Amino acid sequence: MKNYKVLLCDGEEGFVVALMNYMNRNQSIPILAMAFTDVEQLMDYLKSHQGDLIVINNKWKGDRILDSVSSIPVLWIVEEEAFGQEGWSGDNYISKYSSAPAYSRRMLRILSEQTIYTDGEGKGICMAVYSPLGRCGKTRLAHALCQAQTIHTEFPDCKSIYMGMEEFGEVEDENHGMETLLYYIKQHIANLSMKIKSLAVEEREYDSIVSSLTYQELRELNREELRWFLDCIRKEGFYDLLVADIGSASLTSLELLAEFDVIYLPYFQSEYSKQKIGAFCRGLKQYGLWELFSDKCYPILWEKENGGVEKVRMLEQKRKTGGLTTLENFYKNVL
């Protein structure tokens, strides 16, 4: 569902129409865009219609005709040669030939400050992929879960997000948003799903926020904060699926895992692997955590040569119909 109406205005028709088409064809962006090539056309439209954001070339910045719509936030498009100069920088300015995803992220950042996403249906599911084992395919499984939700579903507009919560992340770049997200969570910032969307990078038909460079900030996340974060995902309903890729040392306590709806625990085929899972189970029992999530945690054999989106689709079908072995049954019957 397209919840926000954004009005695009630039004298270059090919540019503004291409940007409009990108927004409107991408179902993961909750924006309906309309294109105009002249500010007077834009103002005529606004006489009888509403808009949530105006994205307009900065050549019209001094035009007094815009004064009548001063209540609508504006993102100014700045020609490449002028961008970054004094007076043409900040969150409300963007270089004209930025990528289309960069435009969408900047628009959503502004919109998330102004209006609340209104399509919440309480349908979001939050999964964790966690394992006490190293190199067991955990990250591949997390990505495959997101991809399977997008490709194999009866709902054509399903939206998934991969959330990197490993100990050490990737090389930092302009799209590295986990630190900002952790700040939003700790501050209980409203409209969280739209904040996340503005931070995320779209890849393989789903959104992604990669892990922080280091895990210190993740270890400051307490159970109440994680519960609030996951409840926002569930209640706001923008994302149908969140998959957290959690490192074995990323959380201060394993009890935080209990806040997720589903926990996948990948392992590989070896006696050592099973012994490690057994030790993990005994640790949960020793510290009184077993009852918290043993019935919603699913150990799965996940190896490079036989893992993939199709296998994940079958796993999810079995889980939803009660045919997938839980940690409780795995401990009784396999270990």
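Preceding this section is the structure that the text describes.
Owing to the predicted nature of the structure, the values given are computational and were not obtained by experimental measurement.

Undergrad: How would you sum up the packing of aromatic side chains? Please name residues and give values.
TA: Evaluation of the coordinates by the stated rule reveals nine aromatic pairs. Seen in terms of ring centroids, Phe-15 and Tyr-97 are 6.0 Å apart; in terms of plane orientation they differ by 70°. Their pairing is edge-to-face. One end of the pair, Phe-15, is in helix 1 (residues 13-25); the other, Tyr-97, is in the loop between strand 5 (93-95) and helix 3 (100-114), and 82 residues separate them in sequence. Look at Tyr-97 and you get partly exposed, because its relative accessible area is 48%. Between Tyr-264 and Tyr-298 the ring centres are 6.1 Å apart and the planes differ by 45°, which places this aromatic pair in the tilted class. Note that Tyr-264 is positioned in strand 11 (residues 262-267) and Tyr-298 in strand 12 (residues 297-301), a separation of 34 residues in sequence. As far as burial versus exposure is concerned, Tyr-264 and Tyr-298 are alike and both buried. What links up through ring pairs into an aromatic cluster is the set Phe-15, Tyr-97 and Tyr-103. Over the ring of Phe-15 we find Lys-96, and its NZ or CZ is 5.1 Å from the ring centre. Over the aromatic face of Phe-238 sits the side chain of Lys-159, whose NZ or CZ is 4.9 Å from the ring centroid.

Undergrad: An account of unusual backbone geometry is requested, with residue identities and associated values reported.
TA: The phi angle at His-188 is positive, at roughly 50°, despite the residue not being glycine. By the element assignment, His-188 lies in the loop between helix 5 (178-187) and helix 6 (192-199). Owing to a relative accessible area of 33%, His-188 belongs among the partly exposed residues under this scheme. For Asn-191, which is not glycine, the phi torsion reads 60° and is therefore positive. Note on placement: Asn-191 falls in the loop between helix 5 and helix 6.

Undergrad: Outline the sheet that holds strand 10 (residues 241-246), supporting the account with residue identities and numerical values.
TA: Strand order in this open sheet of seven strands is 8-9-7-10-6-11-12, and the pairing throughout is mixed. Two strands bound the open sheet, and with one partner strand each, they are strand 8 (201-203) and strand 12. Averaged over all pairs of adjacent strands, the angle between their axes in this sheet comes to 25°, without regard to strand direction. One ladder, built from five bridges, connects strand 6 (residues 125-129) with strand 10; its direction is parallel. Note that in strand 10 the partner of Ala-128 across the bridge is Ala-244. Sitting on the sheet, helix 6 touches strand 7 (160-165), strand 8 and strand 9 (206-209), and the angle it makes with strand 9 is about 85°.

Reading guide: rules and limits
- Residues numbered from 1 in each chain as written.
- Predicted model: local features only at pLDDT ≥ 70, side-chain atom pairs only at ≥ 80, totals over all residues.
- Heavy atoms only, no water.
- Phe/Tyr/Trp six-rings, centres within 6.5 Å; stacked < 30°, edge-to-face > 60°.
- Helix = DSSP H or I, 4+ residues; strand = E, 2+ residues; numbered from the N terminus.
- Buried < 20%, exposed > 50% of the residue type's maximum accessible area, 1.4 Å probe, protein only.
- Lys NZ or Arg CZ within 6 Å of the ring centre and 35° of its normal.
- Pairing = 2+ DSSP bridges.
- Axes fitted to C-alpha atoms, helices over the stretch in contact; angles between N-to-C directions.
- Contact = heavy atoms within 4.5 Å.

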